[in-house]
Amino acid sequence: MQKITAFIDSSYQNIILAYPKSTLILLIIVTLAFSMFISQFKLDASAESLVLENDESLQIYREMNRDFTTNEFLVVTFEPMQALSESASLATLQKIHQAFQIMPGVSSVNSVLNVPIVELANKEDVANGVFPTINSGKVDAKQALKIIQASPLYNKFLLSDDGRTTAIQINLIRDETYYSLLKQRNVLNEKKQQGQISEVDKQELATVSKQFSAHADELSKQQSQLIEEVRLVMNDYRDQAQLFLGGVPMIANDMIDYVRSDLLIFGITVTVLLIVMLVMFFASFKWVLLPIISCAISSALMLGLIGFLNWPVTVISSNFISLLLIMTLAINIHLIVRYQELQLNFPEYDQLWLVEQMVKKMAKPCFYTALTTIIAFGSLVVSGIRPVIDFGMMMVLGVLVAFFVTFLWLPCGLLLLSKGKPPILNNRTQAVTLAIARFIEKRSAIVVLVAVILSGVSVFGISRLSIDNRFIDYFKSHTEIYQGMQLIDQKLGGTTPLDIIIKAEEEPISNAEEDDFADDGGTTSFWLNQYKLADIEKMHNFLNALPETGKVLSLATSINVIESIPGFADMSDFELALLPSALSLDVRKTLIDSYYLVENEKIRINVRLIESNPELKRNELFEKITDFLTDEMNLNETQFQLTGMAVLYNNMLQSLFQSQILTIGAVFLAIMAMFIVLFRSISVSIIAIIPNLLAAGAVLGFMGLIGTPLDMMTITIAAITVGIAVDDTIHYIHRFRSEF
């Protein structure tokens, strides 16, 4: 080990310090080269970036979207100044509807103006697929709105209970190329994870991944342009109605704008604060300029590397820039302080000697602090959540960049500058640390007692730590996302989708059911019969009665609507079985195919959750639904599946707790091993690990005490805390032992 250290020291002196100008020129050239890729730096806020990378529910979700042909859509809420039934309000709604309809990327637009009013139809209308609508002019608008308001299909979906707020659903064209490339990429990734991928497959995976990334970027730009056009139309009518925009594509688009804005604001804010701190601590232009340039080089290199690697930045990993600046500056300050002490104590030595001694004395503790910080951030990799994994890996790479840039830039920069006069050290920090030292010497028992109390409080707080369940809380109340979600929650049946997919039993029908079917001449449909429809209605009513749920749509809803049509009331089981073939293609697609997959005998119950409900606890809700389906409906757990973005998001939240809280012990064991190697003493290592445990425990415990939930953002707090605490610990003990 000593030979390796000696070799590194010798190489560093003979290559780096011997040629400082060449080293800096090379560093600047490399930085400029990677800076060319900053233009390829991109942000990702897609819905799938917020789910577990290998979640089985994700595959189920994709299969559901394929089987039931669900498309993405935007929702515009419309609440006119006058009553909705007034001709002026309907005329305004018509103009907005038409403006959305002609936009590129829009497949169709649904509103109270063009949805079929099934209750006013007859059997011939159903067969021909031509239904009365408000736009048709064949029905009275006020009467039609009352029917829509009472309709089990449209109430709290297109029209609120009070009849004042309506929704315009803008259905987006399904991009088949996107889903085809996504499927190819996922199949090849699955082969890779299972270790069954060939060299040909690897090349294909690289090609498909590149194509998918490029196509996804283009699709994102198109959706962003569409959302901008939708907002321009909305702005034209804000003096006539209250309008809000919602939908998953809009949330993803706006989150990218928020992240981009945060990157700029946080970067500038942190830079300004760092400059202010450097001026306060050192009061010297040299000691402000050198570390700030070091921070700038580290940031430019990292941004360029991320662009070069085609590594998208998400809501979570966007925090890396601020942390990178702070960590780079911390290493710079450690070196600067040691250099100033050497210059003060040995004013007779030249600049080269001072720089060499600075590097020798600080390389080891800085290397170990970098290594242990890498371990702390590396713990995020086991989360299974792509944004969290990316954040951990970016910070690992960022720590390495900060370490190498600092040990190249600062020593070589100093060698190109004159030594100057010995500094007058700022004694304010020394006064504070000496005061703390004197207190500890005289009141050591109090310190131990406080540590024990803090440990107990931390354990209690951690036991109260909760998992966040409200996506709406990520946004401020003044944002359109928050206001739109709240309005849709309160008046239009909820926001986050939950889907329940139920398969037919292996033994479809028996006993009394067979007798009923025999009387009707037999049927091949498992679900389209009175007995099973009663089961579906029972499940529907249970879900609808839950306080956390809003609008519920199912096959029971569709049958109730169809049976309100003259000629379709009180259908027999035989008539129900033949119903899909008796409907026009458009009607069948809307009322049957969205909730019943005839070929596979699967049904889908679509539920929307009330995100603004303060009592929403997704995991408990899903357990309650699962218990009802197994205990009350006698379904096997293999017979039904809960899916949708609500489930995927919940799985991610649950994984946060399991992967981070339960693995933090392993992280501390790894850090403990590093301490033993560094300090060569088990007793000193135990003393060193205690403040790190206290720091991480106190932060998590405090979060539990004040009710701050553990979510995809706050999960990184533990890693950041450990990273900073380990840094301080190593430098403190290393200096103590050196002085001792």
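Residues numbered from 1 in each chain as written. Predicted model: local features only at pLDDT ≥ 70, side-chain atom pairs only at ≥ 80, totals over all residues. Heavy atoms only, no water.

**Here's the deal with the overall build of the chain**
Part 1: Helix and strand counts for the chain come out as 26 helices and nine strands.
Part 2: With the C-alpha coordinates of the chain rotated into their principal frame, the extents come out at 105 × 55 × 55 Å.
Part 3: In the chain, the share of contacts with a sequence separation of at least 24, taken over all contacts with a separation of at least 6, comes to 77%.
Part 4: As displayed, the chain has an accessible area near 35400 Å², and 60% of this comes from carbon and sulfur atoms.
Part 5: For the chain, the centre of its 54 positive side-chain charges and the centre of its 75 negative side-chain charges are spaced 15 Å apart. (Helix = DSSP H or I, 4+ residues; strand = E, 2+ residues; numbered from the N terminus. Contact = heavy atoms within 4.5 Å. Areas by Shrake-Rupley, 256 points an atom, 1.4 Å probe, with all protein chains shown as cover. Lys, Arg positive; Asp, Glu negative; His and termini not counted. Charge placed at Lys NZ, Arg CZ, Asp CG, Glu CD.)

**Observations regarding helix α13 (residues 386-415)**
Part 1: For α13, built from 30 residues, the straight-helix expectation of 44 Å at 1.5 Å per residue is met to within 8% by its first-to-last C-alpha distance of 43 Å.
Part 2: Burial within α13 is extensive, with 24 of its 30 residues counted as buried. (Expected span 1.5 Å × (residues − 1). Buried < 20%, exposed > 50% of the residue type's maximum accessible area, 1.4 Å probe, protein only.)

**Examining the sheet that holds strand β2 (residues 106-110)**
Part 1: With antiparallel pairing, four strands are arranged side by side in an open sheet as β2-β3-β1-β4. Each edge of the open sheet carries a strand with a single partner, namely β2 and β4 (241-246). When the angles between neighbouring strand axes are averaged without regard to direction, this sheet yields 20°.
Part 2: The pairing of β2 with strand β3 (residues 166-172) spans four bridges and is classified as antiparallel. Paired with valine 106 across the strands is leucine 172, a residue of β3.
Part 3: Strands in contact with helix α8 (residues 199-236) are β1 (73-80), β2, β3 and β4; relative to β4, the strand with the most contacts, it is inclined by about 170°.
Part 4: Along the sheet, helix α9 (residues 248-282) contacts β1, β3 and β4; its crossing angle with β1, the most-contacted strand, is approximately 95°. (Pairing = 2+ DSSP bridges. Axes fitted to C-alpha atoms, helices over the stretch in contact; angles between N-to-C directions.)

**Quick notes on the confidence of the model for the chain**
Any residue range with low pLDDT should be treated as having predicted coordinates unsuitable for detailed reading.
Part 1: Averaged over all residues, the pLDDT of the chain is 84; the fraction at 70 or higher stands at 91%.
Part 2: Scored below 50 in pLDDT, residues 508-522 shows 16 contacts in the model against residues more than four places distant or in partner chains. (pLDDT = per-residue confidence, 0-100.)

**Some remarks on unusual backbone geometry**
Part 1: Not every positive phi belongs to a glycine, and asparagine 310 is a case in point at roughly 55°.
Part 2: Its location among the elements puts asparagine 310 in the loop between α10 (285-308) and α11 (320-345).
Part 3: Classification of asparagine 310 by relative accessible area gives partly exposed; the value is 38%.
Part 4: Residues other than glycine seldom take positive phi values, yet asparagine 634 does so here, at roughly 55°.
Part 5: With respect to the secondary-structure elements, asparagine 634 resides in the loop between α22 (618-632) and β9 (640-643).
Part 6: When its relative accessible area of 60% is taken as the criterion, asparagine 634 is described as exposed.

**A short note on the nonpolar core**
Part 1: Within the largest apolar cluster, 175 residues are counted, with the highest numbers of intra-cluster contacts made by Phe100, Val230, Phe320, Met539, Leu555 and Leu629.
Part 2: Among the elements that line this core, the one with the most residues is α13, at 16 residues.
Part 3: Among residues more than four places away in sequence, those in contact with leucine 629 are Ile500, Met539, Asn634, Leu635, Phe640 and Leu642.
Part 4: In this structure, Ala376, Val667, Ile671 and Ala696 belong to the second largest nonpolar core, which totals 17 residues. (Core = buried A, V, L, I, M, F, W, Y, C linked by side-chain atoms within 4.5 Å.)

**Notes on the pairing of strand β5 (residues 496-503)**
Part 1: Counting buried positions along β5 yields six of eight residues, so the element is predominantly enclosed.
Part 2: For β5 and strand β8 (residues 602-609), the ladder comprises eight bridges, and the chain directions are antiparallel. Paired with leucine 498 across the strands is valine 607, a residue of β8.

**Section: a nonpolar patch on the surface**
Part 1: On the surface, Leu264, Ile265, Phe266, Ile268, Val272, Val276, Met277, Met280 and Phe281 cluster together to form a nonpolar patch covering roughly 810 Å² of accessible area.
Part 2: On the secondary structure map, methionine 280 appears in helix α9.
Part 3: Given the relative accessible area of 46%, methionine 280 is considered partly exposed. (Patch = residues over 30% accessible without salt bridge, like charges linked within 9 Å, V, L, I, M, F, W, Y side chains within 5 Å. Salt bridge = Lys/Arg side-chain N within 4 Å of Asp/Glu carboxyl O.)

**Thoughts on the pattern of salt bridges**
Part 1: Counted under the stated rule, the structure contains 15 salt bridges.
Part 2: Residues glutamate 480 and arginine 231 are paired through a salt bridge, measuring 2.8 Å at the closest nitrogen-oxygen approach. Within this pair, whereas glutamate 480 is found in helix α16 (residues 480-491), its partner arginine 231 is found in helix α8, the two being separated by 249 residues in sequence. In this structure, glutamate 480 and arginine 231 share a single accessibility class: buried.
Part 3: Among the salt bridges present, the one from lysine 532 reaches aspartate 535, with a minimum N-O distance of 3.8 Å. Note that lysine 532 and aspartate 535 are positioned in helix α18 (residues 530-545) at a spacing of three residues, about one turn of the helix.
Part 4: Ionic contacts of the salt-bridge type, sharing partners, join the residues Glu79, Asp162, Arg164 and Lys491 into one network.

**Digging into a negative patch on the surface**
Part 1: Where like charges cluster on the molecular surface, the negative patch consists of Glu620, Glu623, Asp627, Asp631, Glu632 and Glu637.
Part 2: Mapped onto the elements, glutamate 623 comes out in helix α22.

**Some remarks on the packing of aromatic side chains**
Each aromatic ring pair is specified by the distance between its two centres and by the angle formed by the two planes.
Part 1: Applying the stated criterion to the full structure yields 16 aromatic pairs.
Part 2: Taken together, a centroid distance of 5.2 Å and an interplanar angle of 85° make the contact between tyrosine 178 and tyrosine 179 edge-to-face.
Part 3: An aromatic cluster is present here, built from Phe367, Tyr368, Phe403, Phe404 and Phe407 joined pairwise through their rings.
Part 4: Residue placement shows arginine 174 over the ring face of tyrosine 179; its charged tip is 4.0 Å from the ring centre. (Phe/Tyr/Trp six-rings, centres within 6.5 Å; stacked < 30°, edge-to-face > 60°. Lys NZ or Arg CZ within 6 Å of the ring centre and 35° of its normal.)

**Description of the pairing of strand β6 (residues 549-553)**
Part 1: For β6, the buried fraction is high: five of the five residues fall into the buried class.
Part 2: Here β6 pairs with β8 via three bridges, running antiparallel. Bridging across to β8, leucine 553 finds its partner in asparagine 606.

**Some points on the packing of α11 against α13**
Part 1: Between α11 and α13, the shortest axis-to-axis distance is 9 Å and the interhelical angle comes to 35°. Our pair here, α11 against α13, has a crossing hand that is right-handed. Taken together, the residues of α13 that come into contact with α11 (itself represented by Phe320, Leu323, Leu324, Met327, Thr328, Ile331, Asn332, Leu335, Ile336 and Tyr339) are Phe391, Met394, Met395, Gly398, Val399, Ala402, Phe403, Thr406, Phe407, Leu410 and Leu414.
Part 2: Its residues placed into classes, the contact of α11 with α13 shows 17 nonpolar, four polar and no charged. (Left-handed = near helix turned anticlockwise from the far one by under 90°. Nonpolar A, V, L, I, M, F, W, Y, C, P; charged D, E, K, R; others polar.)

**Some details on the environment of valine 388**
Part 1: Relative to the assigned elements, valine 388 resides in helix α13.
Part 2: Taking relative accessible area as the criterion, valine 388 reaches 0% and is therefore assigned buried.
Part 3: In the structure, valine 388 is positioned 202 residues away from asparagine 186 in sequence and 20 Å away in space, judged by C-alpha atoms.

**Considering the side chain of serine 322**
Part 1: Within the fold, serine 322 resides in helix α11.
Part 2: Apart from the residues within four sequence positions on either side, serine 322 is in contact with Phe266 and Val270.

**A look at the state of the cysteines**
Part 1: Tallied over the full model, the rule gives zero disulfides.
Part 2: Residue cysteine 295 stays outside any disulfide, its sulfur separated by 14 Å from that of cysteine 366, the closest cysteine.
Part 3: Using a relative accessible area of 2% as the deciding quantity, one classes cysteine 295 as buried.
Part 4: Cysteine cysteine 412 is unpaired, with the sulfur of cysteine 366 as its nearest cysteine sulfur at 16 Å.
Part 5: Here cysteine 412 falls in the buried class, since its relative accessible area comes to 0%. (Disulfide = S-S within 2.5 Å.)

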